[in-house]
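This is what each chain is made of:
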Amino acid sequence: MRVGVIGCGFQGRLHVDVLSRLPEVELVAVADIDPDRVSGLAQEYEVAGSYTDYRRMLDAERLDLVTICTMPVHHAEMTVAAFDRGAHVLCEKPLAMNAAEGAAMVGAARKAGRFLAVGLNMRFMPNSMAIQSFIRDGGFGRPVYTRVVANDEIPWWGEHYRLEVSGGGALAASAVHLLDLALWFAGFPEPVAASGSMATLFPTKRGSTAPNPVVAERYDAEDLFSAHVRFAGGFWLTIEGSWIGNQQPRPGPQPWDYELTAIGEHAQVWFDPLAIRGEAPDGSTVDLLPPGTESDVSFPHSVERLIAEVVDAARAGREPSVTGSQALVSQRIVDAIYLSAATGREQAIPPLEVSP
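Just so we're clear, the structure is a prediction, and the values are computed from it rather than from any experiment. (Residues numbered from 1 in each chain as written. Predicted model: local features only at pLDDT ≥ 70, side-chain atom pairs only at ≥ 80, totals over all residues. Heavy atoms only, no water.)

Asks: So what's going on with the overall build of the protein chain? Which residues, and what values?
Replies: The helix and strand tally for the protein chain stands at 11 helices and 15 strands. Computed over its C-alpha atoms, the radius of gyration of the protein chain comes to 20 Å, within 12% of the 21 Å expected for a compact globule of 356 residues. Along the first, second and third principal axes, the C-alpha atoms of the protein chain reach 65 × 50 × 45 Å. Residues counted as buried form 54% of the 356 residues belonging to the protein chain. Of the contacts formed within the protein chain by residues at least 6 apart in sequence, a portion of 71% connects residues at least 24 apart. Of the roughly 15,500 Å² of accessible surface on the protein chain, 51% is carried by carbon and sulfur atoms. Taking the average place of the 28 positive charges on the side chains of the protein chain and the average place of its 44 negative ones, the gap between the two points comes to 3 Å. (Helix = DSSP H or I, 4+ residues; strand = E, 2+ residues; numbered from the N terminus. Rg over C-alpha atoms; globule rule 2.2 N^0.38 Å. Buried < 20%, exposed > 50% of the residue type's maximum accessible area, 1.4 Å probe, protein only. Contact = heavy atoms within 4.5 Å. Areas by Shrake-Rupley, 256 points an atom, 1.4 Å probe, with all protein chains shown as cover. Lys, Arg positive; Asp, Glu negative; His and termini not counted. Charge placed at Lys NZ, Arg CZ, Asp CG, Glu CD.)

Asks: Hey, could you go over helix 6 (residues 126-136) for me, with residue numbers and the actual values?
Replies: For helix 6, the complete set of buried residues consists of Asn127, Ser128, Ile131, Gln132, Phe134 and Ile135. For helix 6, the arc enclosing every buried residue in end-on projection is 160°, short of the 170-degree limit, so these residues lie on one face. Elements in contact with the buried residues of helix 6: helix 8 (170-186), strand 12 (267-270) and strand 13 (275-279). Backbone geometry just downstream of helix 6 places glycine 138 in the positive-phi region, at approximately 100°. (Arc of directions from axis to C-beta.)

Asks: A description of the packing of aromatic side chains should follow, citing residues and the corresponding values.
Replies: Counted according to the given criterion, the structure contains 10 aromatic pairs. Taking 5.9 Å as the distance between ring centres and 55° as the angle between the ring planes, the aromatic pair formed by tryptophan 156 and tyrosine 219 counts as tilted. One end of the pair, tryptophan 156, is in the loop between strand 7 (143-151) and helix 7 (163-166); the other, tyrosine 219, is in the loop between helix 9 (213-218) and strand 9 (224-231), and 63 residues separate them in sequence. Connected via pairs of aromatic rings, a cluster forms that spans Trp156, Tyr161, Phe202, Tyr219 and Trp243. A cation over a ring is seen here: arginine 277 above tryptophan 270, with NZ or CZ 4.7 Å from the ring centre. (Phe/Tyr/Trp six-rings, centres within 6.5 Å; stacked < 30°, edge-to-face > 60°. Lys NZ or Arg CZ within 6 Å of the ring centre and 35° of its normal.)

Asks: Give a description of the side chain of aspartate 32 that names residues and reports values.
Replies: Looking at the element boundaries, aspartate 32 is found in the loop between strand 2 (26-31) and helix 2 (35-44). Looking at aspartate 32, its side chain comes within polar contact range of the main-chain nitrogen of cysteine 8, at 2.7 Å. Reaching out from aspartate 32, the side chain makes a polar contact with the side chain of arginine 37 at a distance of 3.2 Å. When neighbours within four sequence positions are excluded, aspartate 32 is seen to be in contact with Gly7, Cys8, Gly9, Arg37, Val38, Tyr51 and Thr52. (Polar contact = N/O pair within 3.5 Å; in protein donor to acceptor, adjacent residues only side chain to side chain.)

Asks: Residue-level account of the sheet that holds strand 13, with values.
Replies: Strands sit in the order 14-13-12-11-7-10-9-8-15 across an open sheet of 9 strands; the sheet is mixed. With one partner strand each, in any of the chains shown, strand 14 (285-287) and strand 15 (347-348) form the two edges of the open sheet. Alignment of strand 8 (residues 191-199) against strand 15, held across 2 bridges, turns out to be antiparallel. When the sheet's bridge partners are listed, alanine 193 is paired in strand 15 with alanine 348. (Pairing = 2+ DSSP bridges.)

Asks: Talk me through the sheet that holds strand 6 (residues 116-118); I want residue IDs and the actual numbers.
Replies: The strand order 3-2-1-4-5-6 describes an open sheet built from 6 strands, whose pairing is parallel. The sheet is open, and its two borders are formed by strand 3 (49-51) and strand 6, each paired with just one other strand. In this sheet, adjacent strand axes meet at a mean angle of 20° when their direction is disregarded. Pairing between strand 5 (residues 88-91) and strand 6: 3 bridges, direction parallel. Within strand 6, the residue paired with valine 89 across the bridge is leucine 116. (Axes fitted to C-alpha atoms, helices over the stretch in contact; angles between N-to-C directions.)

Asks: Can you break down the pattern of salt bridges residue by residue, with the values?
Replies: Going through the model one piece at a time under the given rule, you end up with 22 salt bridges. One salt bridge connects arginine 21 with aspartate 17, and the closest N-O pair in it is separated by 2.9 Å. Placement of the pair is arginine 21 and aspartate 17 together in helix 1 (residues 10-21), with a separation of 4 residues, close to one helical turn. On the basis of relative accessibility, which here comes to 22%, the residue aspartate 17 falls in the partly exposed class. If you follow the salt bridges from partner to partner, you end up with Glu159, Arg162, Glu164 and Arg218 in one network. (Salt bridge = Lys/Arg side-chain N within 4 Å of Asp/Glu carboxyl O.)

Asks: Tell me what's going on with the pairing of strand 2, and back it up with residues and numbers.
Replies: Most of strand 2 sits inside the fold, with 5 of its 6 residues counted as buried. In this sheet, strand 2 lies alongside strand 1 (residues 2-6) in parallel orientation, the contact comprising 5 bridges. Each bridged residue has a counterpart across the sheet, and for isoleucine 6 the counterpart in strand 2 is alanine 31. Viewed along the sheet, the connection from strand 1 through helix 1 into strand 2 turns out right-handed. (Right-handed = clockwise from strand over helix to strand, strands pointing away.)

Laid out in C-alpha coordinates, this is it:
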(Lines give C-alpha, C1' and ligand atoms only; values in the text may rest on other atoms or scores of the structure.)
Protein backbone atom coordinates (compact mmCIF):
# COMPACT_ATOMS: atom_id res chain seq x y z
CA MET A 1 0.00 0.00 0.00
CA ARG A 2 1.44 3.33 -1.11
CA VAL A 3 0.86 6.13 1.42
CA GLY A 4 1.62 9.86 1.50
CA VAL A 5 1.48 12.29 4.41
CA ILE A 6 0.55 15.98 4.11
CA GLY A 7 1.79 18.12 6.98
CA CYS A 8 5.02 17.38 8.83
CA GLY A 9 4.40 19.08 12.18
CA PHE A 10 3.78 17.35 15.52
CA GLN A 11 0.97 15.07 14.34
CA GLY A 12 2.41 14.53 10.88
CA ARG A 13 5.67 13.32 12.38
CA LEU A 14 3.71 10.85 14.49
CA HIS A 15 1.89 9.57 11.38
CA VAL A 16 5.17 9.16 9.52
CA ASP A 17 6.70 7.25 12.43
CA VAL A 18 3.73 4.88 12.69
CA LEU A 19 3.40 4.30 8.95
CA SER A 20 7.12 3.61 8.57
CA ARG A 21 6.76 0.69 10.97
CA LEU A 22 3.62 -0.91 9.53
CA PRO A 23 4.16 -4.06 7.44
CA GLU A 24 3.03 -3.99 3.81
CA VAL A 25 2.97 -0.18 3.84
CA GLU A 26 5.28 1.83 1.61
CA LEU A 27 5.55 5.43 2.80
CA VAL A 28 6.44 6.99 -0.53
CA ALA A 29 6.05 10.74 0.00
CA VAL A 30 5.64 13.57 2.51
CA ALA A 31 4.58 17.17 1.89
CA ASP A 32 4.86 20.40 3.89
CA ILE A 33 5.18 24.07 3.00
CA ASP A 34 8.32 24.31 5.17
CA PRO A 35 11.17 23.00 2.96
CA ASP A 36 13.56 22.35 5.84
CA ARG A 37 10.95 20.48 7.88
CA VAL A 38 9.77 18.26 5.03
CA SER A 39 13.26 17.45 3.74
CA GLY A 40 14.52 16.75 7.24
CA LEU A 41 11.66 14.35 8.00
CA ALA A 42 12.05 12.63 4.63
CA GLN A 43 15.75 12.08 5.24
CA GLU A 44 15.20 10.86 8.80
CA TYR A 45 12.69 8.20 7.72
CA GLU A 46 14.22 7.52 4.29
CA VAL A 47 11.13 8.64 2.38
CA ALA A 48 11.87 9.00 -1.33
CA GLY A 49 9.36 11.74 -2.15
CA SER A 50 9.60 15.19 -0.54
CA TYR A 51 7.32 18.02 -1.67
CA THR A 52 6.58 21.61 -0.63
CA ASP A 53 3.34 21.57 -2.63
CA TYR A 54 0.87 18.79 -1.78
CA ARG A 55 -0.69 19.06 -5.26
CA ARG A 56 2.60 18.10 -6.86
CA MET A 57 2.80 15.12 -4.54
CA LEU A 58 -0.71 13.97 -5.45
CA ASP A 59 0.01 14.38 -9.16
CA ALA A 60 3.41 12.71 -9.11
CA GLU A 61 2.74 9.75 -6.83
CA ARG A 62 0.16 6.99 -7.21
CA LEU A 63 -1.15 6.85 -3.66
CA ASP A 64 -3.60 4.40 -2.13
CA LEU A 65 -3.97 6.39 1.09
CA VAL A 66 -3.27 10.01 2.03
CA THR A 67 -3.14 11.20 5.62
CA ILE A 68 -3.75 14.91 6.22
CA CYS A 69 -2.12 16.46 9.28
CA THR A 70 -2.52 20.18 8.63
CA MET A 71 -4.63 22.87 10.27
CA PRO A 72 -8.40 22.54 9.56
CA VAL A 73 -8.42 25.49 7.13
CA HIS A 74 -6.79 23.17 4.56
CA HIS A 75 -8.69 19.95 5.28
CA ALA A 76 -11.54 20.28 2.78
CA GLU A 77 -9.37 21.35 -0.16
CA MET A 78 -6.72 18.69 0.42
CA THR A 79 -9.22 15.90 1.07
CA VAL A 80 -11.19 16.59 -2.11
CA ALA A 81 -7.94 16.77 -4.11
CA ALA A 82 -6.84 13.38 -2.77
CA PHE A 83 -10.19 11.82 -3.68
CA ASP A 84 -9.88 13.27 -7.17
CA ARG A 85 -6.63 11.28 -7.52
CA GLY A 86 -8.27 8.05 -6.33
CA ALA A 87 -6.84 7.78 -2.82
CA HIS A 88 -8.53 7.01 0.48
CA VAL A 89 -8.09 9.74 3.11
CA LEU A 90 -7.34 9.81 6.82
CA CYS A 91 -7.86 13.43 7.92
CA GLU A 92 -6.89 14.65 11.36
CA LYS A 93 -9.53 16.18 13.61
CA PRO A 94 -11.43 18.44 13.68
CA LEU A 95 -13.06 17.41 10.41
CA ALA A 96 -13.24 20.90 8.88
CA MET A 97 -13.77 24.59 9.54
CA ASN A 98 -17.54 24.07 9.52
CA ALA A 99 -20.24 21.54 8.66
CA ALA A 100 -20.63 22.80 5.09
CA GLU A 101 -16.98 21.97 4.36
CA GLY A 102 -17.37 18.65 6.17
CA ALA A 103 -20.40 17.75 4.05
CA ALA A 104 -18.42 18.54 0.89
CA MET A 105 -15.66 16.19 2.07
CA VAL A 106 -18.10 13.36 2.81
CA GLY A 107 -19.80 13.93 -0.55
CA ALA A 108 -16.48 13.83 -2.38
CA ALA A 109 -15.66 10.48 -0.74
CA ARG A 110 -18.96 9.02 -1.93
CA LYS A 111 -18.45 10.34 -5.45
CA ALA A 112 -14.93 8.89 -5.63
CA GLY A 113 -15.92 5.53 -4.13
CA ARG A 114 -13.27 5.98 -1.43
CA PHE A 115 -13.49 6.34 2.34
CA LEU A 116 -12.90 9.33 4.59
CA ALA A 117 -11.51 8.40 8.00
CA VAL A 118 -10.97 10.97 10.76
CA GLY A 119 -8.22 11.07 13.39
CA LEU A 120 -10.40 10.78 16.48
CA ASN A 121 -7.94 8.42 18.07
CA MET A 122 -9.36 8.41 21.60
CA ARG A 123 -11.76 5.66 20.54
CA PHE A 124 -8.71 3.41 20.37
CA MET A 125 -7.65 3.96 23.98
CA PRO A 126 -8.16 0.80 26.08
CA ASN A 127 -10.56 2.64 28.41
CA SER A 128 -12.77 3.69 25.49
CA MET A 129 -12.79 0.20 23.99
CA ALA A 130 -13.68 -1.37 27.36
CA ILE A 131 -16.63 1.00 27.79
CA GLN A 132 -17.86 0.47 24.23
CA SER A 133 -17.62 -3.31 24.66
CA PHE A 134 -19.73 -3.13 27.83
CA ILE A 135 -22.34 -0.95 26.10
CA ARG A 136 -22.43 -3.20 23.02
CA ASP A 137 -23.04 -6.26 25.22
CA GLY A 138 -26.22 -4.66 26.59
CA GLY A 139 -25.26 -4.02 30.19
CA PHE A 140 -25.56 -0.25 29.89
CA GLY A 141 -29.11 -0.03 28.57
CA ARG A 142 -30.62 3.01 26.88
CA PRO A 143 -28.27 6.02 27.05
CA VAL A 144 -29.81 8.86 29.05
CA TYR A 145 -27.19 11.52 29.84
CA THR A 146 -23.47 12.13 29.35
CA ARG A 147 -21.27 14.78 30.97
CA VAL A 148 -17.96 15.72 29.35
CA VAL A 149 -15.16 17.96 30.66
CA ALA A 150 -12.05 18.70 28.59
CA ASN A 151 -9.41 20.77 30.40
CA ASP A 152 -6.18 21.17 28.49
CA GLU A 153 -3.15 23.39 28.08
CA ILE A 154 -3.01 25.95 25.27
CA PRO A 155 -1.69 23.91 22.31
CA TRP A 156 1.16 26.22 21.32
CA TRP A 157 2.56 23.43 19.11
CA GLY A 158 -0.12 24.31 16.49
CA GLU A 159 -2.14 27.39 15.58
CA HIS A 160 -5.33 26.10 17.22
CA TYR A 161 -5.61 29.42 19.05
CA ARG A 162 -6.04 31.27 15.72
CA LEU A 163 -9.62 31.11 14.44
CA GLU A 164 -8.91 31.84 10.78
CA VAL A 165 -6.95 28.59 10.45
CA SER A 166 -8.40 26.45 13.25
CA GLY A 167 -12.13 27.16 13.17
CA GLY A 168 -12.25 27.06 16.96
CA GLY A 169 -10.27 26.73 20.17
CA ALA A 170 -10.98 24.77 23.34
CA LEU A 171 -14.13 23.28 21.82
CA ALA A 172 -13.11 22.48 18.24
CA ALA A 173 -9.45 21.65 18.90
CA SER A 174 -9.63 19.79 22.23
CA ALA A 175 -13.12 18.91 23.46
CA VAL A 176 -14.15 17.45 20.10
CA HIS A 177 -12.32 14.27 21.14
CA LEU A 178 -14.64 13.82 24.13
CA LEU A 179 -17.67 14.83 22.09
CA ASP A 180 -16.87 12.02 19.67
CA LEU A 181 -16.60 9.51 22.53
CA ALA A 182 -19.91 10.67 24.00
CA LEU A 183 -21.66 10.24 20.64
CA TRP A 184 -19.98 6.88 19.99
CA PHE A 185 -21.06 5.50 23.35
CA ALA A 186 -24.62 6.78 22.76
CA GLY A 187 -24.85 5.30 19.25
CA PHE A 188 -24.69 8.61 17.38
CA PRO A 189 -28.22 9.88 18.06
CA GLU A 190 -29.53 12.72 15.91
CA PRO A 191 -28.78 16.15 17.48
CA VAL A 192 -31.73 18.52 17.81
CA ALA A 193 -30.51 21.73 19.47
CA ALA A 194 -27.57 23.23 21.35
CA SER A 195 -27.05 26.11 23.75
CA GLY A 196 -23.58 27.37 24.61
CA SER A 197 -21.55 30.10 26.27
CA MET A 198 -17.85 30.87 25.87
CA ALA A 199 -15.13 33.39 26.63
CA THR A 200 -11.53 34.26 25.78
CA LEU A 201 -9.50 34.97 28.92
CA PHE A 202 -6.03 35.01 27.34
CA PRO A 203 -3.82 37.02 27.95
CA THR A 204 -5.28 37.81 31.39
CA LYS A 205 -4.77 34.12 32.05
CA ARG A 206 -1.82 32.20 30.56
CA GLY A 207 -0.48 35.31 28.83
CA SER A 208 3.06 34.59 29.94
CA THR A 209 3.05 31.16 28.27
CA ALA A 210 2.93 32.50 24.69
CA PRO A 211 6.08 31.57 22.75
CA ASN A 212 6.50 35.11 21.37
CA PRO A 213 4.58 38.41 20.95
CA VAL A 214 3.51 37.61 17.38
CA VAL A 215 1.78 34.41 18.48
CA ALA A 216 0.15 36.23 21.41
CA GLU A 217 -1.21 38.88 19.06
CA ARG A 218 -2.83 36.24 16.84
CA TYR A 219 -4.64 34.52 19.72
CA ASP A 220 -8.40 34.97 19.27
CA ALA A 221 -9.96 31.57 20.00
CA GLU A 222 -12.23 30.72 22.91
CA ASP A 223 -10.40 29.20 25.87
CA LEU A 224 -13.42 28.58 28.12
CA PHE A 225 -16.85 27.22 27.17
CA SER A 226 -19.81 25.14 28.26
CA ALA A 227 -22.81 23.81 26.35
CA HIS A 228 -25.99 21.76 26.61
CA VAL A 229 -27.00 19.58 23.65
CA ARG A 230 -30.35 17.82 23.14
CA PHE A 231 -30.97 14.81 20.88
CA ALA A 232 -33.90 13.00 19.32
CA GLY A 233 -35.22 10.31 21.64
CA GLY A 234 -34.60 12.24 24.84
CA PHE A 235 -30.82 11.78 25.27
CA TRP A 236 -28.83 14.85 26.26
CA LEU A 237 -25.27 15.81 27.09
CA THR A 238 -23.36 18.65 28.66
CA ILE A 239 -19.86 19.52 27.52
CA GLU A 240 -17.40 22.00 28.93
CA GLY A 241 -13.74 22.74 28.54
CA SER A 242 -10.93 25.21 28.95
CA TRP A 243 -7.30 25.95 28.21
CA ILE A 244 -6.94 28.28 31.19
CA GLY A 245 -8.20 26.28 34.19
CA ASN A 246 -6.42 26.27 37.55
CA GLN A 247 -6.93 22.59 38.34
CA GLN A 248 -4.06 20.53 39.72
CA PRO A 249 -2.16 18.56 37.07
CA ARG A 250 -3.23 14.93 36.97
CA PRO A 251 -0.63 12.19 37.37
CA GLY A 252 0.70 10.66 34.18
CA PRO A 253 2.44 11.83 30.99
CA GLN A 254 -0.56 13.54 29.33
CA PRO A 255 -1.01 17.32 29.92
CA TRP A 256 -4.79 17.19 29.66
CA ASP A 257 -7.48 16.50 32.23
CA TYR A 258 -10.39 14.83 30.42
CA GLU A 259 -13.52 13.54 32.13
CA LEU A 260 -16.50 11.66 30.76
CA THR A 261 -19.28 9.97 32.65
CA ALA A 262 -22.30 8.45 30.94
CA ILE A 263 -25.51 7.31 32.61
CA GLY A 264 -27.65 4.57 31.07
CA GLU A 265 -30.81 2.87 32.26
CA HIS A 266 -28.84 0.06 33.91
CA ALA A 267 -25.33 1.36 34.60
CA GLN A 268 -22.91 4.28 34.68
CA VAL A 269 -19.43 4.48 33.16
CA TRP A 270 -16.42 6.72 33.82
CA PHE A 271 -13.71 7.25 31.24
CA ASP A 272 -10.67 8.17 33.36
CA PRO A 273 -9.97 6.54 35.69
CA LEU A 274 -11.95 3.73 34.12
CA ALA A 275 -14.97 2.52 36.09
CA ILE A 276 -18.23 0.71 35.28
CA ARG A 277 -20.85 0.41 37.99
CA GLY A 278 -24.38 -0.93 38.13
CA GLU A 279 -27.03 -1.57 40.72
CA ALA A 280 -27.83 -4.67 42.79
CA PRO A 281 -31.45 -5.70 43.48
CA ASP A 282 -31.25 -4.00 46.87
CA GLY A 283 -30.16 -0.70 45.28
CA SER A 284 -26.52 -0.93 46.30
CA THR A 285 -23.72 -0.15 43.84
CA VAL A 286 -22.04 -3.05 42.04
CA ASP A 287 -18.64 -2.87 40.32
CA LEU A 288 -19.05 -4.29 36.79
CA LEU A 289 -15.50 -3.81 35.57
CA PRO A 290 -13.77 -7.18 35.03
CA PRO A 291 -11.19 -7.88 37.76
CA GLY A 292 -7.67 -6.88 36.86
CA THR A 293 -8.70 -4.32 34.23
CA GLU A 294 -6.25 -1.41 34.28
CA SER A 295 -7.08 2.17 33.35
CA ASP A 296 -5.15 3.17 30.20
CA VAL A 297 -5.53 6.41 28.22
CA SER A 298 -2.10 6.47 26.58
CA PHE A 299 -2.04 8.84 23.61
CA PRO A 300 0.63 7.61 21.14
CA HIS A 301 -0.60 4.02 21.21
CA SER A 302 -4.14 5.11 20.37
CA VAL A 303 -2.87 6.95 17.29
CA GLU A 304 -0.94 3.83 16.26
CA ARG A 305 -4.08 1.70 16.58
CA LEU A 306 -6.14 4.22 14.61
CA ILE A 307 -3.68 4.39 11.70
CA ALA A 308 -3.24 0.61 11.64
CA GLU A 309 -7.02 0.15 11.54
CA VAL A 310 -7.38 2.64 8.69
CA VAL A 311 -4.65 0.89 6.69
CA ASP A 312 -6.35 -2.45 7.30
CA ALA A 313 -9.69 -1.01 6.16
CA ALA A 314 -8.14 0.26 2.92
CA ARG A 315 -6.50 -3.10 2.30
CA ALA A 316 -9.71 -5.03 3.04
CA GLY A 317 -11.97 -2.69 1.06
CA ARG A 318 -14.21 -1.79 4.00
CA GLU A 319 -15.23 1.32 5.90
CA PRO A 320 -12.93 2.39 8.76
CA SER A 321 -14.19 2.62 12.33
CA VAL A 322 -14.11 6.42 12.53
CA THR A 323 -15.91 7.78 9.49
CA GLY A 324 -16.36 11.22 8.00
CA SER A 325 -20.13 10.88 8.37
CA GLN A 326 -19.75 10.38 12.11
CA ALA A 327 -17.35 13.30 12.43
CA LEU A 328 -19.86 15.41 10.52
CA VAL A 329 -22.40 14.86 13.32
CA SER A 330 -19.86 16.28 15.78
CA GLN A 331 -19.13 19.19 13.43
CA ARG A 332 -22.81 20.10 13.21
CA ILE A 333 -23.00 20.19 17.01
CA VAL A 334 -19.83 22.26 17.27
CA ASP A 335 -21.16 24.77 14.73
CA ALA A 336 -24.42 25.11 16.68
CA ILE A 337 -22.58 25.70 19.96
CA TYR A 338 -20.47 28.46 18.42
CA LEU A 339 -23.56 30.08 16.89
CA SER A 340 -25.44 29.86 20.18
CA ALA A 341 -22.56 31.50 22.07
CA ALA A 342 -22.42 34.29 19.47
CA THR A 343 -26.17 34.98 19.46
CA GLY A 344 -27.03 34.23 23.09
CA ARG A 345 -29.83 31.86 22.02
CA GLU A 346 -30.33 28.12 21.71
CA GLN A 347 -29.77 26.99 18.15
CA ALA A 348 -31.65 24.26 16.30
CA ILE A 349 -29.48 21.69 14.52
CA PRO A 350 -31.30 20.88 11.26
CA PRO A 351 -30.58 17.72 9.28
CA LEU A 352 -27.79 18.13 6.74
CA GLU A 353 -28.11 16.60 3.31
CA VAL A 354 -24.91 15.23 1.80
CA SER A 355 -24.77 14.58 -1.92
CA PRO A 356 -21.84 13.62 -4.17
